Amino acid sequence: MSKTFPIAMTPRQEAARYLRWFSPLLALCLTVLTGGIIFAALGQDPFVALKTFFVAPLDSLRGWAEVGVKMTPLLLCAVGLVVCFRANVWNIGAEGQLVAGAIAGGAVALTCDSSTGPWFVILVMLASALGGALWGAVTALLRHKFHANEILVSLMLVYVAQFFLSWAVQGPMRDPMGFGFPQTAMFESGALLPILLEGTRLHAGALMALIAALGIWILMDKMEMGMEFKISGMAPLAARYAGYRPGHLIWRSMLICGALAGLAGGIEAAGPLGQLTPTISPGYGFAAIIVAFVGRLTPLGCIPAAFIMALFYLGGELAQSRLGLPSSITGVYQGLLLFFILACDTMIFYHFKWVGFKKEAA
C-alpha cells in the first residue's frame, strides 16, 4: 500500500487578469526579501546590501545608461523566446544563437578599415542576425525532419557555439598584435554602433531592442502570423484543423528567435566591447528565459522584466566590488526570481484542496 499526496491541485478555469500581472510583482518582492535574508546570513547589513544591489546602480546618469546597455541583449533574446514559447517551441538555446551571431558579425566587422564609413555597421548587424538565424535553423531542421527534442538540441548547440567562438578567437580571428591573448583586434569606428549619450556606453543597439519589442508585439497581437503562433501553441489539433502547418511554425519561430538573439550578439560585439572575446556573454541568453516568463510571455512585458534583470547584473557587480561578495550572487537572485515566479503562478492558476492521506494499492 502507498499513500497519495494530501493536497490536490485542480486548474482554475481562468485566472483574473490582474492576478497574472500581480504574480511577477509578488515574486520580485519575495526575491528581494529572501535576498535580504541571504545577505544577513553572509554577515552583511541587509539594508546596506540591498541598497547597494538595487539603488546604487541608479544613482547617476551613467548607471542608468549601463542598465540600458545590459537590457539590450536581454530584451532582444527575450522577445525572440516569446515567439518560440507562445508557439510551444521550447528553444533553450538563445545563448548559442547569440554567440553565433557575434561570431558572424565579428567576422564582417574585422573586414572594416579606417576609410570605411559608419554605414558599415549595418552590414555587421545583418550578418549577426543571419548567423543567429542559421544557428537556430539547425534546431528547426533536426526537430522538423528527425523529430529531435528541441530542448536538448538547442541547449547542446550552446556549447558547440561557445567552443567555436573559443577556437575562432584563439585561431583565425586572433589579433596578431594582441600578445597572444584570445581576442580579436578592436573594430574600426565604421563597424561600431554610435553612442546615444556622450560620456556613457549607451549605444544605438538599445533603440534597436525597443523597436524589436514593438515589432514582435505587432506581429503577435495584430497580425495573422501571431494568431497562428498562439493557436498552435494552445491548441495544436485546432491549428491543424485550421490549416496551419506545424513544420512552418517551427521554422518561423526558430528563425525569428535566432535572428534576434544573433542581433544581440552582434550588438554586444560592436557596442560595449568593440571586439570578440571568449566571454562575449555572461549568460544573457539563459537569463532571457526568466525575462520572458516574468514578462508574462508578452513582448512589451519583457521591457520592465529586462530592466529588472539588468539591474541584477549591475547590482551583482557592485556587490562584488563594494561588499566583497562572490560573483555568483547575481545567479542566486536570478534563480530566486524564477523560483518565486513559478511558485506564484502555481498559486494563481491552480486551486489547492486538502484531501488528507489516502492509501492506494501498490
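Quick caveat, the model's predicted, so the values are computed rather than measured. (Residues numbered from 1 in each chain as written. Predicted model: local features only at pLDDT ≥ 70, side-chain atom pairs only at ≥ 80, totals over all residues. Heavy atoms only, no water.)

A short note on the overall build of the protein chain
No. 1: Each helix and strand counted, the protein chain has 13 helices and four strands in total.
No. 2: Relative to its length of 362 residues, the protein chain is compact, with a C-alpha radius of gyration of 22 Å against a globular reference of 21 Å.
No. 3: Its C-alpha atoms put the protein chain at 75 × 60 × 40 Å along the principal axes.
No. 4: Put simply, the protein chain has 362 residues, and 49% of those count as buried.
No. 5: Put simply, of all contacts in the protein chain between residues at least 6 apart along the chain, 78% involve residues at least 24 apart.
No. 6: Of the roughly 17,800 Å² that the protein chain leaves accessible, carbon and sulfur atoms contribute 68%.
No. 7: Seen as two clouds, the 22 positive and the 17 negative side-chain charges of the protein chain have centres 13 Å apart. (Helix = DSSP H or I, 4+ residues; strand = E, 2+ residues; numbered from the N terminus. Rg over C-alpha atoms; globule rule 2.2 N^0.38 Å. Buried < 20%, exposed > 50% of the residue type's maximum accessible area, 1.4 Å probe, protein only. Contact = heavy atoms within 4.5 Å. Areas by Shrake-Rupley, 256 points an atom, 1.4 Å probe, with all protein chains shown as cover. Lys, Arg positive; Asp, Glu negative; His and termini not counted. Charge placed at Lys NZ, Arg CZ, Asp CG, Glu CD.)

Overview of the pattern of salt bridges
No. 1: On inspection of all chains with the given rule, the structure shows five salt bridges.
No. 2: In this structure, the salt-bridge partner of Arg296 is Asp345, at a minimum N-O distance of 2.9 Å. Here Arg296 is found in the loop between α11 (284-294) and α12 (302-323), whereas its partner Asp345 is found in helix α13 (residues 329-349), with 49 residues between them in sequence. The burial state of Arg296 is the same as that of Asp345; both residues are buried. (Salt bridge = Lys/Arg side-chain N within 4 Å of Asp/Glu carboxyl O.)

Observations regarding unusual backbone geometry
No. 1: One non-glycine residue, Arg296, adopts positive backbone phi at about 60°.
No. 2: Taking relative accessible area as the criterion, Arg296 reaches 8% and is therefore assigned buried.
No. 3: Phi at Leu297 is positive, roughly 55°, even though this residue is not glycine.
No. 4: Of note, Leu297 is situated in the loop between α11 and α12.

Topic: helix α2 (residues 46-55)
No. 1: Buried residues of α2: Ala49, Leu50, Thr52, Phe53 and Phe54, and no others.
No. 2: You can read the cap of α2 off the contacts: a side-chain oxygen lies 3.0 Å from the backbone nitrogen of Phe47, and it is on Asp45. (Polar contact = N/O pair within 3.5 Å; in protein donor to acceptor, adjacent residues only side chain to side chain.)

Some points on a nonpolar patch on the surface
No. 1: Residues Leu61, Trp64, Leu196, Leu197, Leu207, Leu210 and Ile211 make up a contiguous nonpolar surface patch of roughly 670 Å² in combined accessible area.
No. 2: Sorting the residues of the nonpolar patch by element identifies α3 (61-86) and α7 (205-222) as the ones contributing at least two each.
No. 3: The leading source of residues in the nonpolar patch is α7, at three residues.
No. 4: Of note, Leu196 is situated in the loop between α6 (150-170) and α7. (Patch = residues over 30% accessible without salt bridge, like charges linked within 9 Å, V, L, I, M, F, W, Y side chains within 5 Å.)

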